[in-house]
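Each chain, written out:
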Amino acid sequence: TDIVDQERAADGGREIAIGQRPGVFDDAGDRHRRRERLVADAVDLVRDVLARYGRLGGSQFAAAISYRALFSLVPLATFVATILAQVLSSSSVDRQDLVSAIADQLDLSRQGAARLDTLITSVPSPWSLAGLFALGLALWGATGVMSSMQKTLAVVFDDGVSRSLVRGRLVS
């Protein structure tokens, strides 16, 4: 009765049953029912997401994005390698340190290390025709990945409304 009297005093004299207060349960049954409802809602959400994923062809979109991402890595790696080689070719000490570190890690012979050094010095400048071509391919690949993601998001959230090819590439 002390708790009921304290509750009356806190609520201006009106008696409140313990189960009616927000956040307070009258028994373990209420907690169990709420937990069951939470689990049922989570299961319904997962079921709805999987149904929509299948209906919209989510695996096709995932494959398209993965394909574009995979093939955009090669030109990007080529361009980064040309920049790295250009930086290393300007300083023979740094280049020799890198060649020695790689040769030690890969357990290369002296002849293998010499070939690696020759390879690094023979990489063309990033601003050569080959470097600019690699940069162009890297940018095209990156915008292709973003374009695929934009199309996927348009189908999922905007009922398939997407941008034109040119505008899509410029925005991405």
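Everything here concerns the structure above.
A quick note: this is a predicted structure, and the numbers were derived from the prediction, not measured. (Residues numbered from 1 in each chain as written. Predicted model: local features only at pLDDT ≥ 70, side-chain atom pairs only at ≥ 80, totals over all residues. Heavy atoms only, no water.)

K.L.:
Break down the overall build of the protein chain for me, with residues and values.
P.N.:
Secondary structure summary: the protein chain contains 7 helices and 0 strands in total. Of the regular secondary structure in the protein chain, the N- to C-terminal order runs α-α-α-α-α-α-α. Taking as baseline every contact in the protein chain between residues at least 6 positions apart, the subset at least 24 positions apart corresponds to 53%. Summing over all exposed atoms, the protein chain offers an accessible surface of approximately 12800 Å²; the carbon and sulfur share of this is 62%. (Helix = DSSP H or I, 4+ residues; strand = E, 2+ residues; numbered from the N terminus. Contact = heavy atoms within 4.5 Å. Areas by Shrake-Rupley, 256 points an atom, 1.4 Å probe, with all protein chains shown as cover.)

K.L.:
So what's going on with the pattern of salt bridges? Residues and values would help.
P.N.:
In total, this model carries 3 salt bridges according to the counting rule given. The partner of Arg 33 in a salt bridge is Asp 30, and the shortest N-O contact between them spans 2.3 Å. Remark: Asp 30 and Arg 33 occur in helix α2 (residues 28-56); sequence separation between them is 3 residues, near one turn of the helix. Residues Asp 41 and Arg 37 are paired through a salt bridge, measuring 2.5 Å at the closest nitrogen-oxygen approach. (Salt bridge = Lys/Arg side-chain N within 4 Å of Asp/Glu carboxyl O.)

K.L.:
Talk me through the side chain of Ser 148; I want residue IDs and the actual numbers.
P.N.:
Take Ser 148: it is sitting in helix α6 (residues 129-157). Separated by 3.3 Å, the side chains of Ser 148 and Arg 68 make a polar contact. Dropping the residues within four chain positions of it, Ser 148 is found in contact with Ala 64, Ile 65 and Arg 68. (Polar contact = N/O pair within 3.5 Å; in protein donor to acceptor, adjacent residues only side chain to side chain.)

K.L.:
So, α6: which residues are in play, and what are the values?
P.N.:
The terminal C-alpha atoms of α6, which comprises 29 residues, lie 41 Å apart, in line with the 42 Å expected from a rise of 1.5 Å per residue. Restricting attention to buried positions, one finds in α6 the residues Gly 131, Ala 134, Ala 138, Gly 141, Thr 143, Gly 144, Val 145, Ser 147, Ser 148, Thr 152 and Ala 154. (Expected span 1.5 Å × (residues − 1). Buried < 20%, exposed > 50% of the residue type's maximum accessible area, 1.4 Å probe, protein only.)

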